[in-house]
Amino acid sequence: MTENETASPVVLSRGQNVPLPSEVTGLRVAITWDQQDADVEVDASALLLGTDGRVRSDDDLVFYNQPASPDGTVQYLGQSATDTGAQAGLAIDLEGMADDVDRVAVTASLSSGTFGASSGLRLQVLDGAGVPLFLYDLGELGGEAAVVLGEVYRRDAGWKVRAVGRGWESGLAGLAESFGVTVDSEDDAHDEQTADDPVGGDASAEEAADVGQVAEDVPVDAPAVEEPGAEDLVDVQEIESPVPDQPLAVVIEMPTPRSTPVASAPTPATPRPAPARGVRTRKRAAPAVTRPALKLAGDESWQPARLFSISGVGNAEEQEKRATSALLSTMMGVRAFGRGITARLGAPAGTVETYLEVGFPRGETTVFPDGLLRVARGNRVWTCLLETKTGSGQLRRDQVENYLDVARQQGFDAVVTLSNEISPGVGEHPVVVDRRKLAKVALFHLSWAEVLHEAHMVLGHRGVDDPLQAWVLAEFVRYLEHPRSGAAGFDDMGAAWVPVRDAAAAGTLRASDRKVPGVVDSWTRLIRHLGLRLSAELGVAVTHVLPRKLATDPAARTRAGVEALAETGCLSATLKVPGAVGPLTVVADLRTTQVRVSTRVAAPQEGSSSRRIAWLLRQLKDAPDDLLIEVAFAGSRETTCEQLRDVREKAAALVGSGSEVAAFMLTWTQPMGAKRSGLRGAFVPSVTGSVEGFYGRVVQPLRPWVAPAPQLPDDVAPRVDVDDVAGEERADEVG
């Protein structure tokens, strides 16, 4: 059960199905499991199926590598912690579902191992407000690596939910193929399908299609029967809605894991083309984190304690105090993480000690900063005060200046603020303070997104030698990624977004509009947040590229952005990924409501134009068909531009008039979200999803051309007699 549940759900047994309340138009599906028997990681996925029980295209598989359906009605929400284990989530928008989608199958899979090593696998169906509607407990499983837990399907003018419970030993790849998905041939081979076990055996393609067939109804409270094959599953009678008066709210957003782009997926209006070789279901292996083994439990019902529990978080003050305590204790307990944070603050490398709510006199009162950090190296002791905000809490100038005064009086080195606000640039602070107070005390700002990024970098890329420390840090990440922790990423463009967006679209936006600077600064924060996300995923420092005069002058940077937005209606930025074939340029066009992401690739400096184009096309075999390829020619202003789908059939269309091909410009255009915040149809996830999708599908596979080493002509190359060399070596040994 998730912590936000306030009502008892209807418990289903395998094969039973019930109608959804008519007022429910959005669902949140949570797959939960216990982790007391093994440290397993269950992945949620969904398949959008037609009346034939098969997907319409490969894009209808929604999972960690493809986190949204083409129209955005099904979203992969990633994983988060619960007090008894973990959960993986999906969001389903029934109201916007295409007419040719007959049902949505909800599945769970493992990257390795089988469900026999886990316990407590459950399917929970909640309405958009998080109120539980139905619960299906699968009980004990065996050799399955993927399971269809249930499905949401159409019946007459409404929707129903069915508990299915059919397993595949061949994992997500085998399950997906059974429903018509083309799986990349390079993925790990999966087992041959079997259908001997009604729950554990693999279903054939025909049986998979029959999982959702509607038969005669039986009462919802009918006793569980011996489970037949998939073709014999039956419906149950329509039942009264368990929560008929529950108001509907927006789909609750769940956090995105590090290994998959999360929660931030674009919501394009047109289907994405399927990769040439099918969908890649293989998941990148994450470093193993083993928590202490518990062997002394007196009963199987004993639940292991979570290091950082989310239960009991009530008001904003309690949320803030608990997040601060979790951070400070983890910094002290995990040396690599603590050093990663303090290094950002200019502290020396040394022993880290942290304290919570230390009181200091301030006039006739006593002030209590949220935390205090001390780092000792040799005879030097570095000290800073910490002021923390969670959720929507905002830093106040008077509070920050009070702590600056206290730090100066106590001879401390710095004051650090921590909140969900992301500074537009490195070294900038979201609160403007009296500069005189910074004469002897440094002021730093961290966002919770940066803290989470640092934890991901340590766990996933730098590594933690001590297994216990790795487990502690993993528990801290689980805590921060829980929605109730109060630690959030950047997801809101601010109050000025809507009027500025509308004015840009209408062509009435002017640089003198006082709302424009706020939107430009929000855009800069979004780009910085995107850089942090990519850095954590890739393990390299992804940076926002700016001209030197703008990088060092925030006011000049904002003015330049305001002028560009007023003149062109566009917000633009460039991201540099170390090792990539070229920088990524992202443009959000508010006039055309499109997001364009592009990169420039230098062409080989030898061979004909056709061979140079063929060199590029070989590396774009998995790129989207609607990718634009523009060719620049040496010594000419002439360019040619075609979509990749057309070039695949006729590469000669890019050759031009015969000039030498000098470079390629690759551009991918996606619909822009218009909303200021949220998950579906919002601006931030549309930009984030477009950039991550372009990098993963286009830039990541590209390798720059490397010229071969210069070759000596045959009549110049020295001729070496092997016998002479051997004789010289023997002579050297004798000498």
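Note that the structure is predicted; figures quoted are calculated from it, not measured.

Draft legend 1. Just helix H8 (residues 497–506), in detail. Every buried residue of H8 is listed here: Trp497, Val500, Arg501, Ala503 and Ala504. Along H8, the residues classed as buried sweep out an arc of 165° about the axis, all on the same side.

Draft legend 2. The nonpolar core, seen in detail. If you look at the biggest cluster of nonpolar residues, it comprises 63 residues, and the most contacted ones within it are Trp523, Leu571, Leu620, Phe664, Leu666 and Phe683. Here the element with the most residues in this core is helix H9 (residues 516–538); it accounts for nine residues. Excluding residues within four positions of it along the chain, tryptophan 523 makes contact with Met493, Leu571, Ser572, Ala573, Val586, Ala588, Phe683 and Val687.

Draft legend 3. Geometry of the environment of glutamine 124. By the secondary structure assignment, glutamine 124 is in strand E9 (residues 119–127). For glutamine 124, a relative accessible area of 2% corresponds to the buried category. Counting along the chain gives 35 residues from glutamine 124 to glycine 89, while the straight-line C-alpha distance between them is 9.5 Å.

Draft legend 4. Local environment of the packing of helix H6 (residues 448–462) against helix H7 (residues 467–480). At a minimum axis separation of 10 Å, H6 and H7 run at an interaxial angle of 145°. By crossing handedness, the relation of H6 to H7 is classed as left-handed. For the pair formed by H6 and H7, the contact residues are Trp448, Val451, Leu452, Ala455, His456, Val458 and Leu459 on the first element and Ala470, Leu473, Ala474, Phe476, Val477 and Leu480 on the second. Classifying every residue of the contact of H6 with H7 by side-chain character gives 12 nonpolar, one polar and no charged.

Draft legend 5. Looking closely at the pattern of salt bridges. Evaluation of the coordinates by the stated rule reveals 24 salt bridges. In this structure, aspartate 434 engages arginine 436 in a salt bridge whose closest nitrogen and oxygen atoms are separated by 2.8 Å. Look at arginine 436 and you get exposed, because its relative accessible area is 70%. Measuring nitrogen to oxygen at the nearest pair gives 3.2 Å for the salt bridge that ties arginine 528 to glutamate 450. Placement of arginine 528 in helix H9 and of glutamate 450 in helix H6 is noted, with a sequence separation of 78 residues between them.

Draft legend 6. Quick look at the pairing of strand E12 (residues 158–168). When you tally the buried positions in E12, you get 10 out of 11 residues, the bulk of the element. Pairing geometry for strand E2 (residues 17–19) and E12, over three bridges, is antiparallel. Residue pairing in the sheet places proline 19 in a bridge with lysine 160 of E12. In this structure, strand E11 (residues 146–155) lies alongside E12, joined through nine bridges in antiparallel fashion. The residue bridging tyrosine 153 from the neighbouring strand is lysine 160, located in E12. Remark: two residues form the turn of the hairpin made by E11 and E12, two consecutive strands paired antiparallel; aspartate 156 in that turn has positive phi of roughly 55°.

Calculation rules
Residues numbered from 1 in each chain as written. Predicted model: local features only at pLDDT ≥ 70, side-chain atom pairs only at ≥ 80, totals over all residues. Heavy atoms only, no water. Buried < 20%, exposed > 50% of the residue type's maximum accessible area, 1.4 Å probe, protein only. Helix = DSSP H or I, 4+ residues; strand = E, 2+ residues; numbered from the N terminus. Arc of directions from axis to C-beta. Core = buried A, V, L, I, M, F, W, Y, C linked by side-chain atoms within 4.5 Å. Contact = heavy atoms within 4.5 Å. Axes fitted to C-alpha atoms, helices over the stretch in contact; angles between N-to-C directions. Left-handed = near helix turned anticlockwise from the far one by under 90°. Nonpolar A, V, L, I, M, F, W, Y, C, P; charged D, E, K, R; others polar. Salt bridge = Lys/Arg side-chain N within 4 Å of Asp/Glu carboxyl O. Pairing = 2+ DSSP bridges.

These figures come from the coordinates and say nothing about function on their own.
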